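Observations on the three-dimensional arrangement
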Amino acid sequence: MIHCLPIPTPFAVGRVNVYLVEDDPLTLVDAGPNSATSLTTLENALAEHGRKVEDLERIVITHQHIDHIGLVQILADRSGAEVVALEMLAPWLAHYGEGMEADDAFSEAIMARHGIPEDVRYALRSVSHAFRAWGAAATVTRTVREGDTIEFGDRSWTVWHRPGHSPSDTVFHDAQRSELIAGDHLIKHISSNPLISRPLEGSDPDDRPQALVIYMRSLEQTKAMELARVLPGHGEEIHGHVQLIEERFRMHERRARKLLGLIADRPRTAYELAQAMWGNVAVTQAYLTLSEVLGHVDLLRNDGHVVERTEGGVARFAVA
Ligand SMILES: [Zn+2]
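Residues numbered from 1 in each chain as written. Predicted model: local features only at pLDDT ≥ 70, side-chain atom pairs only at ≥ 80, totals over all residues. Heavy atoms only, no water.

Here the zinc ion is held by the protein donor atoms His-63 (NE2), His-65 (ND1), His-165 (NE2) and Asp-184 (OD), which lie 2.2 to 2.4 Å from it. Between the four donor atoms coordinating the zinc ion, the angles at the centre fall across 88 to 171°, so the site counts as irregular. Coordination of the zinc ion draws on donor residues from a single chain, spaced H-x1-H-x99-H-x18-D in sequence. Taken as a pair, His-63 in the loop between strand S4 (58–60) and helix H2 (66–69) and His-165 in the loop between strand S8 (156–161) and strand S9 (170–174) lie far apart in primary sequence, 102 residues in all. The exposure class assigned to His-165 is buried, which follows from its relative accessible area of 7%. (Donors = N, O, S within 2.8 Å, 3.2 Å for Na, K, Ca; no water. Tetrahedral: all angles 85-135°; square planar, octahedral: opposite > 155°, others 65-115°. Helix = DSSP H or I, 4+ residues; strand = E, 2+ residues; numbered from the N terminus. Buried < 20%, exposed > 50% of the residue type's maximum accessible area, 1.4 Å probe, protein only.)

With that settled, consider the sheet that holds strand S6 (residues 142–144). Taking strand neighbours across the sheet as the criterion, the six strands line up as S1-S2-S3-S4-S5-S6 in an open arrangement whose pairing is mixed. The strands lining the two open edges of the sheet, one partner per strand, are strand S1 (2–7) and S6. Recorded for the sheet is a direction-independent mean angle of 25° between the axes of neighbouring strands. Across the sheet, helix H1 (residues 36–48) is in contact with S1, strand S2 (16–21) and strand S3 (27–29); its angle to S1 comes to roughly 155°. Its contacts with the sheet put helix H3 (residues 72–79) on S3, S4 and strand S5 (82–86), and the angle it makes with S4 is roughly 165°. (Pairing = 2+ DSSP bridges. Axes fitted to C-alpha atoms, helices over the stretch in contact; angles between N-to-C directions. Contact = heavy atoms within 4.5 Å.)

Here we come to the packing of aromatic side chains. In the structure shown here, the tally under the stated rule is six aromatic pairs. When the centroid spacing of 5.7 Å and the interplanar angle of 65° are considered together, the rings of Phe-131 and Trp-134 count as edge-to-face. Residue Phe-131 is classed as partly exposed on the basis of its relative accessible area, which comes to 29%. Each member of the aromatic cluster is reached from another via a ring pair, and the members are Phe-11, Phe-131 and Trp-134. Here the guanidinium or amino end of Arg-58 rests over the ring plane of Phe-152, the centre of that ring lying 4.7 Å away. (Phe/Tyr/Trp six-rings, centres within 6.5 Å; stacked < 30°, edge-to-face > 60°. Lys NZ or Arg CZ within 6 Å of the ring centre and 35° of its normal.)

In this section: the sheet that holds S9. Pairing is mixed across the open sheet formed by five strands, whose spatial order is S7-S8-S9-S10-S11. Each having just a single partner strand, strand S7 (149–151) and strand S11 (229–232) make up the two edges of the open sheet. Neighbouring strand axes in the sheet, compared pairwise and without regard to direction, differ in orientation by 25° on average. Inspection of the sheet shows S8 paired to S9 by four bridges, in the antiparallel sense. When the bridges of S9 are listed, Val-159 appears paired with Phe-172.

Encoded structure:
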């Protein structure tokens, strides 16, 4: 039996789904953000199932975002649970503060290159600093890799790395039940923004990862799976993942076409494109919308429709 425990977060996304897997060992998937409110909610939710934090034996992490990892170490310290995560994520979690600092520096370089003004970059940096306390460092006691299995008394999960929403997105497949624990790889009510993130191994802002391209490749892999249900990191359980993924592909195609029209009009920076697409949201949510634009521009560049030209450190996109 797997119970969904929705835990409040301070973020726009709303609650995060933590899953309690009633099996041997007793397992929690993700942990919610590091706040007293979240911890109390989690304790109450566990109590509803006759459990307490101290009973937990294993914590499995789906990806690096702070609404999923904030409470991991607190729960592990109280319970002695093993902490399982993708091998490449373990060093980032161990050095959380430094990792976030480097991530912010990477984002800032990308924003500067793509025309986001200094005051907007400064404001975003303050927001990121303010949110940092909702995450925390954690020690991974068992690392896993693509294709590994995580065994339980009554089930077995295969580990698949499906990057795109974040570099560390990991999904866990129970082939016998046709179930997928998906984290934020696939969410029903919102498209999982493929945020441009610093790669976990090596980083060069001039050589940013093509987050949307990577994400769509991961979605193709999930689409090919036979699944009765998908348990996501936010919102409702998903039935009919193939349809949902096809819908996402169509949405990305539409958006890319719209951007191509704007670029054909005249060469623009990614920031100007984001403003043309979303108006003031491009300012208040500058990094999110920048990631969206760059993701779609990557599709157009890879298809040979668009080229990137850099002048004075700022990149502009033009039709090829
Ligand atoms: Zn996430």
